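Residues per chain, in single letters:
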Amino acid sequence: MTRAASARMAGLRERLGGFAFGGDYNPEQWDRPVWDEDVRLMRQAGVNLVTLGVFAWASLEPEPGRFTFDWLDDAMDLLHRNGISVDLATPTAAPPVWLSQRHPGGLPVMEDGEVFGFGNRLHFDPGSQIYREHAARITTKLARRYSRHPALAMWHIGNEYGPLSYSDTAAIRFRRWLQRRYGDGASGLEALNDAWYTRFWSQRYTSWEQVAPPEIPRSWSNPARRLDFARFSSDVLLECFLAERDIVRSVRDDIPVLTNFMRFYRRADYWRWADEEDAVALDIYPDPGRDDSRVAAALNFDLMRSLRGQPWILMEQAASAVSQWTVNNVKPPGRMRLGSYQAIAHGSDSVMFFQWRASRGGHERFHSAMLPHSGTGARTWREVEALGNELPSIAAVAGSQSRAQVALLFDWDCWWGLETTHGLPRNDFDYPAIVTGHYRPLLEAHHAVDLVCLDSDLSRYKVLVVPNAYLVSDDFVAAAKRFVAGGGTLVCSFFSGVVDPANQVRQPAYPGAFRALIGGYIDEYWPAREGERFAVRFADGSTVDADWWQESIQLESARATAWYAGGLLADRPAVIENQYGAGRVVYIGTRLAEEALRDTLLAAVRSAGVAPVVDEAPSFVEATRRYTADAEFLFLLNHSDSESAVVPLPAAGTELLTGSPVSDAIPLPPLAVAVIRMSTGS
Amino acid sequence: MTRAASARMAGLRERLGGFAFGGDYNPEQWDRPVWDEDVRLMRQAGVNLVTLGVFAWASLEPEPGRFTFDWLDDAMDLLHRNGISVDLATPTAAPPVWLSQRHPGGLPVMEDGEVFGFGNRLHFDPGSQIYREHAARITTKLARRYSRHPALAMWHIGNEYGPLSYSDTAAIRFRRWLQRRYGDGASGLEALNDAWYTRFWSQRYTSWEQVAPPEIPRSWSNPARRLDFARFSSDVLLECFLAERDIVRSVRDDIPVLTNFMRFYRRADYWRWADEEDAVALDIYPDPGRDDSRVAAALNFDLMRSLRGQPWILMEQAASAVSQWTVNNVKPPGRMRLGSYQAIAHGSDSVMFFQWRASRGGHERFHSAMLPHSGTGARTWREVEALGNELPSIAAVAGSQSRAQVALLFDWDCWWGLETTHGLPRNDFDYPAIVTGHYRPLLEAHHAVDLVCLDSDLSRYKVLVVPNAYLVSDDFVAAAKRFVAGGGTLVCSFFSGVVDPANQVRQPAYPGAFRALIGGYIDEYWPAREGERFAVRFADGSTVDADWWQESIQLESARATAWYAGGLLADRPAVIENQYGAGRVVYIGTRLAEEALRDTLLAAVRSAGVAPVVDEAPSFVEATRRYTADAEFLFLLNHSDSESAVVPLPAAGTELLTGSPVSDAIPLPPLAVAVIRMSTGS
Amino acid sequence: MTRAASARMAGLRERLGGFAFGGDYNPEQWDRPVWDEDVRLMRQAGVNLVTLGVFAWASLEPEPGRFTFDWLDDAMDLLHRNGISVDLATPTAAPPVWLSQRHPGGLPVMEDGEVFGFGNRLHFDPGSQIYREHAARITTKLARRYSRHPALAMWHIGNEYGPLSYSDTAAIRFRRWLQRRYGDGASGLEALNDAWYTRFWSQRYTSWEQVAPPEIPRSWSNPARRLDFARFSSDVLLECFLAERDIVRSVRDDIPVLTNFMRFYRRADYWRWADEEDAVALDIYPDPGRDDSRVAAALNFDLMRSLRGQPWILMEQAASAVSQWTVNNVKPPGRMRLGSYQAIAHGSDSVMFFQWRASRGGHERFHSAMLPHSGTGARTWREVEALGNELPSIAAVAGSQSRAQVALLFDWDCWWGLETTHGLPRNDFDYPAIVTGHYRPLLEAHHAVDLVCLDSDLSRYKVLVVPNAYLVSDDFVAAAKRFVAGGGTLVCSFFSGVVDPANQVRQPAYPGAFRALIGGYIDEYWPAREGERFAVRFADGSTVDADWWQESIQLESARATAWYAGGLLADRPAVIENQYGAGRVVYIGTRLAEEALRDTLLAAVRSAGVAPVVDEAPSFVEATRRYTADAEFLFLLNHSDSESAVVPLPAAGTELLTGSPVSDAIPLPPLAVAVIRMSTGS
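Note that the structure is predicted; figures quoted are calculated from it, not measured. (Residues numbered from 1 in each chain as written. Chains lettered and ligands numbered in written order. Predicted model: local features only at pLDDT ≥ 70, side-chain atom pairs only at ≥ 80, totals over all residues. Heavy atoms only, no water.)

Undergrad: Go over the relation of the copies chain C and chain B with me, naming the residues and quoting the values.
TA: Once chain C is rotated about the relating axis by 120° and shifted along it by 0.0 Å, it coincides with chain B to within an RMSD of 0.1 Å. Interpreted geometrically, this transformation is the action of a three-fold axis. For chain C, the residue whose C-alpha comes nearest the rotation axis is C:Glu114, separated from it by 5.8 Å. An overlap of only 2% is found between the interface residues of chain C and their copies at the interface of chain B, pointing to separate contact surfaces. (Least-squares fit on C-alpha atoms with pLDDT ≥ 70 in both. Contact = heavy atoms within 4.5 Å.)

Written out as structure tokens, the structure is:
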């Protein structure tokens, strides 16, 4: 599968001659004369790939079984004549009104019990048979008609898969899913009762028919039931993707098939999904109104790359502002370009936008576009055009790989465990923020980072960072032990290893899973009071701030490296270190202030012998490398809009965007990007 | 129609001998002996008009078809015997429980999908046929029984029309309404598809049966659909009013028929409604807990006057505190009197209250009343009594008109465009607050202001102020051009003229509608970051604060008069001015701080040759004039509770409340009111 | 009834040899070998009573009519063999899934109209006949099987009764309840119409079938209807308790039967409930994250004692943290012990916990337990074990009584009046916080306080404190008058005596009920503006802060003792005092700052001749006494975790926990507890 996927993506790369550049194109919103201007301007801007048909179901099948492909034929032909390839979408993310009205049972039921009706998008119950049949029909029609069209370069299945449903249909499929997980019949039900700990609060099931999605109110429902429902909800969505993927692949199997993921999206376990795609694709809209949104962006980019360990597709970004938030800030001049190169620096092989031309009407009429309402005189158009014409200068980068020695755990089971169930010592965990907090110092210190999940192979890394991994599997525990015993460094932060995959507290507690690794146990978790802060004293006498959480740690084989400087836990360990086999474990039992967490992490990384991408650069400069068999590319991005930097280079090379040779150091004005092909290959 | 309305209102004025003074009277809540005390005290307080029967349906028709008019007969007779006229209400704002229980389909369905049940009031679906039939029946009965009763002076249809319904009934009527707007059959449907831009997100309709009110969740639904649903919801309510109005008028057509409006009420387009009334009536409850509530009150008063260009009826206010808010502050001594004269100063021909006597029970038992729970010893009673006995001294004012040279746009289409649809560059517009922000400096500088809508005749004004008019019609654009070309001054603030009445972005953008007028275009809208402030430098070198919004303006024929002093738009225009025909346009591209907006507005007004009502007075003194054919009345109101003022007078006259002659200047102690009949007529 | 109850409780005390010590025990969650460890550790910790079966319905009746008592037989036998008594619960607080699925009509309908489904607990509609039948069946089975089991010491009916339902079933029972209150037939309906003041807003009922629970939205519904619905909701729950109580008592009537109450629980009128119990039992979870939670705890303890005027049962508390809040703080070392003795000091005859052993799974897996996840090495276990072994040293205290001369009104009718209805001058009253505000100074000054309700006998007290008693009955007014006329001192704070039990404003107002008592009337209530503060000047010239509320008081027989020092009510009375018969009334018309309220209350208490429990002790030391026929016990508890105190003793005695003789004074280190048997008996 992976090899076939690589071949398909190599084919795409070859076809496009390097990077993909383009965006969603919705010709069905415009009169035919506009199309000619569109393709002319696309060529002017260097567009080589557009996504067609994402929300075109009603335009393709205005009434059940009546298909209107003429306009799409024309659009495909026109694009092909102009040398622009097509990423053709199945339009199944937005069923036509006739489907919703004839089959209201195909609409999803939301968490509050209301039906999510026609009028928005994603108004389908992923478990609905009737929806799936109609989706399969239009997909089959499209596959048969366009699979051999010369413009076709990629299949785009659905869009931003996401609906969650608590419907009766969901109940039926949930039951089947549980029977696959726990076995069916009476013994399976008994296994379910055990896993869900139904002896608590009289929740024992005596028949499979009694099992259903969490009921209203859902906040206090059985935590194992909620967890399994989150897993199921990801899987039932994935089934929708797979069904359409298999249809298009059955007609032609040599072009990539994928769907588009979203930033920090909790409902779909992208690790499971990525295995089924030819490449990972991401839609991302970092908030230009927040100075730190580039950190979460970088993390998501690294995650996309890590999901398959391959280059990925930046499928959607905004040319400037979006329109869905309360306040939608524009991307100031230079920011869109910088963000585009940031994606490439972290492994993207494309720069794509939503969307080509701004819509006159509809919910997203003020969402910026490559070609905005104010036309080709607009700043954003000029920036888009310039970028499209600049990208070919780094075409050699396309397809190149990344390498990292630091792994950071980002797993959906951990996420669901912390956020979808209740009854924790604190119930305000924000898992993406926690992981981002651990990622930021590594990024700012110019370390290459891979994201890993509970099932990942850890053997290639020197350092493993595990932030607040409340729920872990036995396999992960074993893998982590092998990793450390073999000489690896594990940095683990508080409230980790607490429960098993059924959300049951591991015994003996705490932390059931990691006790041997951290060389101690926790008598009690001590969430901090509202606003409480406490001093932590390190061995060197320095004192730092911490807040939010404490643990009363009992040392076994570990030794403390920092202690609480006051309060009820005064002189008790706050950070501990343990030798385990040939490796070591640093366990952080509190929420250290940003600088202290940074120092602790970087000390561990340094002593594990991991070198940063560049030795010397300000934290606002991002540095990454990509590698091919015979070349090495250094990316340097200055994220400051006011400060310049001069970054010493490890070797001479050529800056590809300017074509200039560089040697000792390179100056980076505000918002500057440098892509240096290093003279010393890989 | 208008002439007949004027005649009816003149008849009422004549009957009452000047101002109406009184309130809602609910004798059905009290035993018969209390009534005698009521009328005695009414006479003592100068009451000449009471509103009967507003929520009396269950008292008049306790069971379907069984009518109990005896008590109302008695009340009418008693009032008549005591020389008190009656504003008789149709009781249809609160259907009896038997109607709600027999016909639950007549209950409205709220935005969240829940049925709004019996137990409150306004629990009717305005589209419900069965509700309308029952409402027509009781209205007919009342009309036949009381039209010739000598106490009858006015018909009060329903109360505070407001229910919004998303029911199936609403769907049917909404479809019919759309067919009237877009045409029926296939071509109408195609026009609807075009107007609603249904090619976006696969929303195309292929049958009228598919069209329905916005579905849950409604926040992201099609913006044109939401807009049309807002228009429809106003119209379907209006149908309820019209049906009852026509019934009472068919029996007797020489007395006024109206309903009562509310302060800043988004659900009903009062411009359309006002055309159908004999006079506009307002219920208003300015929050005594907020120092600035007098500004919004004045704006609403001016709006009420402008809706028909006639004196209006202050139908409900509180003698002191209300009871519906979290904290209900009392009106301190003197404030009720001041607010009453403020209404008159802005064109009211009445001072009416909710309600005459405080209810012992029910939801509003702590809502203050003319006659409070603590009786005639109470402060509020004494103030009510004094006011009622003072009003006759200004009887000559009743029926007089107002004149203004400044017009301020306040239009429901603009409001709905900004607030009921989503996906704007910012989604936190507060249209009433925006308009109030533009009104306040005019009020404080003592300028007379008319409110206008998109359909108003602009020819009588010198200055037109257009605050954030996101959505405008082609007719308005043409009228605005004629207005300016003919020498008028237009002051227009940011994000105006952007979309057409279908909520589609006008092309070329931005601002599609006003580009020629403002002499430039906007490349991009730049909403400000949370908390961001920026300096704006004026031509005279002064620098002021602005926030919330910026635009990157490209000048064409206009010239800049203020620039951003820093930031990414440094030295780009913030305020521009354009000569257009014989007139000029000032376009304000940001949210100027209060003083800067004031200076900009007042400079424009001044240079347009508009004179204030008085030349010299502190901003806390309100000044207005009313005119009859042969008299001119100057109102001066001191809204400060601590500062006195002395206001120079343009001419000598007589202060009517005291009967004293005044000449050069008049002193105004805190909370003082002066009504001066000027010696120089109009 | 009361005598029988006392005998039953005396039997229990004798059986346990003093205090009950133990907790909820859920052996059904654990494998059989764990049980042996459980009982071993229970004995080690001095456990003598455990509550079995609270949520065991599904374990006892896994399918309708199939009962599985074997495990419970084993558990009862095992406990008995180990000398541990059993408080056996009917498991009816958590119906099995089969009941919810077969009879969804038995599920409650929440305030928002949604059905509260299976998956949590308390998912039963208290009015459901089918639920009641199934509850009666399992209760009967248990009663027959275990009534004569030697381990059985107490019956525990249901758990934390609380469900509220707006279902059709509720409507039927509500109607019957109203018919019992107002009479049935037409005259009863007329009485209902009068009481509910249905002439307001057209709410008149003409048939009993029209009467129903408050509809959606409920916020603006008829205030008398809401009030009666609150009363009904408490009563319909009580019926569920009574039905099960009567079943177990019919089999054996010599052991106590009770259920467990909650802290400040608005839905059930515990005064009515307490009459039906053999003893009052309380579940309480003071938030360790708030420094002042000990005050509300003490108040609830005093309330529990006052409900029956007898010792009560602390049925559930946490050994350390709970898990249901956003942040769940631990009880620091020593706090659990201190809190346990605090309960005893205020009349508890037990120290019980939820739960014995921490659950591995389920919603409360992180709720602390006597035996925590981290086992017998844990701090909390050590503290539990120590406490259990310490308690026998004060066994003589069990069964002893309390005495108070100060009564503080805490009544559910007052509560419901202030909080469940709307339309008050302010709508943010927090009744428990108000009463706690009046209780705190009494507690801190070491006064013994009884709580009383509107129906209590006041004759035994010297001082009656009435905080914000908006709604009072005529009987209470008469009793209060007798109390004061007879020489008692009444301290009453603002907005008291305003409405009658139908929520109708008493006439003449205000305060209809207390006018004669306070010797004045209130012209108008003046809620304060947001954030407004005002100075109050006392007769001695001192000035204090007040906020939130003012009243414009008109003196009749009273004299003012404090005045507003500024503002619109400057020099008007803020606090007044009235002689009434042989007694006096202090009426406080504003919300005095904490210290001023304290001084006012304590001055009244002092001048009424009430002596504190100890003469001299810091406010952070709590002091109470308990009495038997021949002994007197003084409790001293130091709630500070940093300050020590030395408390002078009125007489010599023996400190029971240490067995040491004490005389002049006793030192109390932080968190210390002393229980002194005074040499001078009672």
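Undergrad: Can you break down the interface of chain C and chain B residue by residue, with the values?
TA: Of the residues lining the interface, 51 residues belong to chain C; the matching set on chain B comes to 54 residues. Between chain C and chain B, roughly 4600 Å² of surface is buried when both sides are summed, and carbon and sulfur atoms account for 52% of that area. The partner of B:Arg379 in a salt bridge is C:Glu524, and the shortest N-O contact between them spans 2.8 Å. Viewed at the interface, chain B and chain C are joined by 28 residue pairs in polar contact (both at pLDDT 80 or more). Those elements giving two or more residues to the side of chain C that touches chain B turn out to be helix 9 (223-251) and strand 14 (520-527) of chain C. Looking at the side of chain C that touches chain B, its residues break down into 23 nonpolar, 14 polar and 14 charged. (Buried area = accessible area lost by both parts, 1.4 Å probe. Salt bridge = Lys/Arg side-chain N within 4 Å of Asp/Glu carboxyl O. Polar contact = N/O pair within 3.5 Å; in protein donor to acceptor, adjacent residues only side chain to side chain. Helix = DSSP H or I, 4+ residues; strand = E, 2+ residues; numbered from the N terminus. Nonpolar A, V, L, I, M, F, W, Y, C, P; charged D, E, K, R; others polar.)

Undergrad: For the sheet that holds strand 3 (residues 85-89) of chain A, give the residues involved together with the corresponding values.
TA: Residue and element names in this part refer to chain A. Spatial ordering of the open sheet is given by 5-4-3-2-1-9, a layout of six strands whose pairing is parallel. Of all the strands in the sheet, the pair left with one neighbour each is strand 5 (257-258) and strand 9 (350-353). In terms of strand pairing, strand 1 (residues 20-25) meets strand 2 (residues 49-52) through four bridges, oriented parallel. By the bridge assignment for strand 2, Tyr25 is matched with Leu52. (Pairing = 2+ DSSP bridges.)

Undergrad: Got a sec to walk through the packing of aromatic side chains? Specific residues and values, please.
TA: Within the structure shown, the criterion is met by 141 aromatic pairs over all chains. Considering the side-chain rings of C:Phe534 and C:Tyr564, the 5.9 Å spacing of their centres and the 80° angle between planes classify their relative orientation as edge-to-face. Pair noted here: C:Phe534 is in strand 15 (residues 533-538) and C:Tyr564 is in strand 18 (residues 559-564), with a separation of 30 residues, a long-range link. Assessed through its relative accessible area of 7%, C:Phe534 is described here as buried. One aromatic cluster is present, formed by A:Tyr161, A:Phe241, A:Phe261, A:Phe264, A:Tyr265, A:Tyr270, A:Trp273, A:Phe410, A:Trp412, A:Trp415 and A:Tyr431 through successive ring pairs. (Phe/Tyr/Trp six-rings, centres within 6.5 Å; stacked < 30°, edge-to-face > 60°. Buried < 20%, exposed > 50% of the residue type's maximum accessible area, 1.4 Å probe, protein only.)

Undergrad: Which residues make up the interface of chain C and chain A, and what values go with them?
TA: Taken together, the contact between chain C and chain A spans 54 residues of the former and 50 residues of the latter. Contact with chain A buries area across many residues of chain C, yet C:Arg360, C:His363 and C:Phe366 alone supply 17% of it, more than any other trio. Going through the elements one at a time, helix 3 (57-60), helix 5 (97-102) and helix 13 (379-390) of chain C are the ones with two or more residues in the side of chain C that touches chain A. Broken down by element, the residue count for the side of chain C that touches chain A peaks at three residues, all from helix 5 of chain C.

Undergrad: Please give an account of the domain arrangement of chain A that cites residues and values.
TA: The domains assigned to chain A are domain 1 (3-93 + 122-161 + 253-397), domain 2 (406-607) and domain 3 (621-679). Placing the centre of domain 2 of chain A and that of domain 3 of chain A at their C-alpha centroids yields a distance of 34 Å. (Domains from an automatic or database assignment.)

Undergrad: Describe helix 9 (residues 223-251) of chain B, and please don't skip the residues or the numbers.
TA: Residue and element names in this part refer to chain B. With 29 residues, helix 9 ought to run about 42 Å at 1.5 Å a step, and its terminal C-alpha atoms sit 43 Å apart, in line with that. Of all 29 residues making up helix 9, 24 are buried, and the element is well covered by its neighbours. Between a side-chain oxygen at the N-terminus of helix 9 and the backbone nitrogen of Ala224 the separation is 2.8 Å; the capping residue is Asn222. (Expected span 1.5 Å × (residues − 1).)

Undergrad: Give a detailed account of the pattern of salt bridges, specifying residues and quantitative values.
TA: In the structure shown here, the tally under the stated rule is 141 salt bridges over all chains. One salt bridge connects A:Asp38 with A:Arg357, and the closest N-O pair in it is separated by 2.8 Å. In this pair, A:Asp38 sits in helix 2 (residues 32-44) while A:Arg357 sits in the loop between strand 9 and helix 13 (379-390), placing the two residues 319 residues apart along the sequence. What makes A:Asp38 buried here is its relative accessible area of 0%. Taking the relative accessible area as the measure of exposure, A:Arg357 reaches 15% and is therefore buried. Note that B:Arg426 and B:Asp428 form a salt bridge whose closest N and O atoms lie 2.8 Å from each other.

Undergrad: I'd like a rundown of the pairing of strand 28 (residues 673-678) of chain C, residues and numbers included.
TA: Residues and elements named next belong to chain C. Most of strand 28 is tucked away, with five of its six residues classed as buried. Sheet topology note: the strand 23 (residues 632-638)/strand 28 ladder contains five bridges and is antiparallel. Note on strand 28: the bridge partner recorded for Leu637 is Val673. With three bridges connecting them, strand 25 (residues 653-655) and strand 28 associate as antiparallel partners. Residue pairing in the sheet places Glu655 in a bridge with Ile676 of strand 28.

Undergrad: Run through unusual backbone geometry, naming residues and quoting values.
TA: Cis geometry is adopted by the peptide bond preceding A:Pro508, which originates at A:Gln507 and carries an omega value of -10°. As for its position among the elements, A:Pro508 is in the loop between strand 13 (489-493) and helix 17 (515-518). Of note in this structure, C:Asn503 is not a glycine but carries a positive phi near 70°. Mapping C:Asn503 onto the fold places it in the loop between strand 13 (489-493) and helix 17 (515-518).

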